[in-house]
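# Topology and contacts: notes
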Amino acid sequence: MDAFLLQILNGLDKGAAYALIALGLTLIFGTLGVVNFAHGALFMIGAFCAVTLQRLLSFSFVTIDESQKDFLGNPLKVQTPYVEAWFGPDIGASIQDWSVPLAILLVIPVMFLVGWAMERGLIKHFYKRPHADQILVTFGLAIVIGELIKSFFGANPIQTPAPDMFIGTIDFGAWLGFDPGAVAYPMWRLVYFFFSLIIIAAVFAFLQFTTFGMVVRAGMADRETVGLLGIDIDKRFTLMFGMAAAVAGLAGVMYTPILSPHYNIGMDFLVLSFVVVVVGGMGSLPGAVLAGFMLGILQSFASMNEIKALIPGIDQIIIYLVAIIILLTRPRGLMGRKGVMEE
């Protein structure tokens, strides 16, 4: 039972990342009908926003510390971060320590602008083109963004630690009566899981309870009729593209302490997230979330040594096997609309 519970917990954070990326993908496909293979790059840009803020907060200048001497008795030159000079050593150190959560304030406007520019500058020219053309151009854009990130930040993963108060584990086993340490779960993974739930709930609440969201949902169901009512649905869909980019960026920025950002991290999540979208149902927001968590947990169970000993490599293909089975039996996905992907 403790191993079973541990695998469920281990699958939650990866499932949360899949769900958030798939949610943005589904928003774009459901509103604009575009298959956006650059969405993983948006996740990567969000992650590197956290890296950028961390580096900005570490900028420092040289000061002379009279209280410290070298072996010749001369005062030492020390590096003092600007944030510590501006806000004091304690507050400045806290700001640096909380660089990842603070990056949320940076990533939301940055990703919204990136999404808006991507849609206005490139995607809008491919609305009426075949999905194959959309995939090729957005996949090429993802490669270009990855190479730009590589040129600025290098090819190696960059460590971006969580705040000190979230470093460590929570002993779930002790709470549930298991042996101490039997079910220990990293604190930041739990933070990421609850963060993803908040973002998912916020997106659904926005679409369900705001006038803007209701118009967007109506446009997803019948774009032409909404346009005939005098509503500029294209403008609203452009804003939704920016919102989807912001969701992907938020997923990336908070995932950095779990997986150190590198220039190919977007591609690593992109293909799996597209599988999640297809399994959940193209255009189905609840399906994307459900499939994200389901496949994340399945992948966690498939990573157990006992399972890999029975079926070597199962952890690498389990998601694709599930996708094949579902698409053979239910082509529109778990919660897809009837007729989608079935013709």
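Structure's up top.
Here goes a summary of the coordinates provided. Quick caveat: nothing in here was measured; it's all calculated off a predicted structure. (Residues numbered from 1 in each chain as written. Predicted model: local features only at pLDDT ≥ 70, side-chain atom pairs only at ≥ 80, totals over all residues. Heavy atoms only, no water.)

## Notes on the overall build of the protein
Put simply, the test is: Strands are runs of DSSP state E lasting at least 2 residues, helices are runs of H or I lasting at least 4, and numbering of each runs from the N terminus. In this scheme, a residue with accessible area under 20% of its type's maximum is buried, one over 50% is exposed, and one in between is partly exposed, where area comes from a 1.4 Å probe on protein chains only. What makes two residues a contact is simply this: any of their non-hydrogen atoms within 4.5 Å.
Along the backbone of the protein there are 15 helices and four strands. The C-alpha extent of the protein, read off along each of the three principal axes, is 80 × 55 × 35 Å. For the protein, the proportion of its 343 residues judged to be buried stands at 45%. Partitioning the contacts of the protein with sequence separation of at least 6, the portion at a separation of at least 24 is 70%.

## A closer look at the packing of helix H2 (residues 39-57) against helix H11 (residues 233-255)
Each pair of packed helices gets described by two things: the angle between the helix axes and the distance between those axes. Note the threshold: The axes used here are C-alpha line fits, helices contributing only the stretch in contact, and every angle between their N-to-C directions lies in the interval 0 to 180 degrees. Just so you know how the angles are binned, under 35 degrees is roughly parallel, over 145 roughly antiparallel, 65 to 115 roughly perpendicular, and the rest oblique. By convention the crossing between two helices is left-handed if the near helix lies anticlockwise of the far one by an angle smaller than a right angle, and right-handed if it lies clockwise.
Look at H2 against H11: their axes get within 7 Å of each other, and the N-to-C directions meet at 50°. Viewed along their axes, H2 and H11 adopt a mutual orientation that is oblique. For the element pair H2 and H11, the recorded crossing hand is right-handed. For the pair H2 and H11, contact is made by His39, Leu42, Phe43, Gly46, Ala47 and Ala50 and by Ala244, Ala245, Ala248, Gly249, Ala251, Gly252, Val253 and Tyr255, respectively.

## Section: the pattern of salt bridges
Filter applied, for reference: Throughout this description, the term salt bridge denotes a Lys or Arg side-chain nitrogen within 4 Å of a carboxyl oxygen of Asp or Glu.
Scanning all chains against the criterion turns up three salt bridges. A salt bridge links Asp13 to Arg189, with the nearest nitrogen and oxygen atoms 2.8 Å apart. Here Asp13, found in helix H1 (residues 2-32), pairs with Arg189, found in helix H8 (residues 187-209); they are 176 residues apart in sequence, far enough to count as distant. Here Asp13 falls in the buried class, since its relative accessible area comes to 1%. Classification of Arg189 by relative accessible area gives partly exposed; the value is 26%.

## Remarks on a nonpolar patch on the surface
The following threshold applies: Residues qualify for a patch when their relative accessible area is over 30% and they have no salt bridge, like charges being joined within 9 Å and the nonpolar side chains of Val, Leu, Ile, Met, Phe, Trp and Tyr within 5 Å. Using the Shrake-Rupley algorithm and a 1.4 Å probe, accessible areas are obtained, with residue cover drawn only from the displayed protein chains.
A surface patch of nonpolar side chains, about 680 Å² in accessible area, is lined by Leu56, Phe59, Tyr82, Trp86, Phe87 and Ile91. Per element, the largest residue contribution to the nonpolar patch is three residues, and it comes from helix H3 (residues 82-87). Structurally, Phe87 can be placed in helix H3.

## With respect to helix H12 (residues 265-280)
Inclusion rule: Multiply 1.5 Å by the residue count of a helix minus one, and that product is the helix's expected span.
Taking 1.5 Å as the rise per residue, H12 with 16 residues should run 22 Å; its terminal C-alpha atoms sit 23 Å apart, in good agreement. Taken across its 16 residues, H12 has twelve buried, putting it largely inside the fold. Considered for burial, the residues of H12 that qualify are Ile265, Gly266, Phe269, Leu270, Leu272, Ser273, Phe274, Val275, Val276, Val277, Val279 and Gly280. Among the residues trailing H12, Gly281 stands out with phi positive, at a value near 120°.

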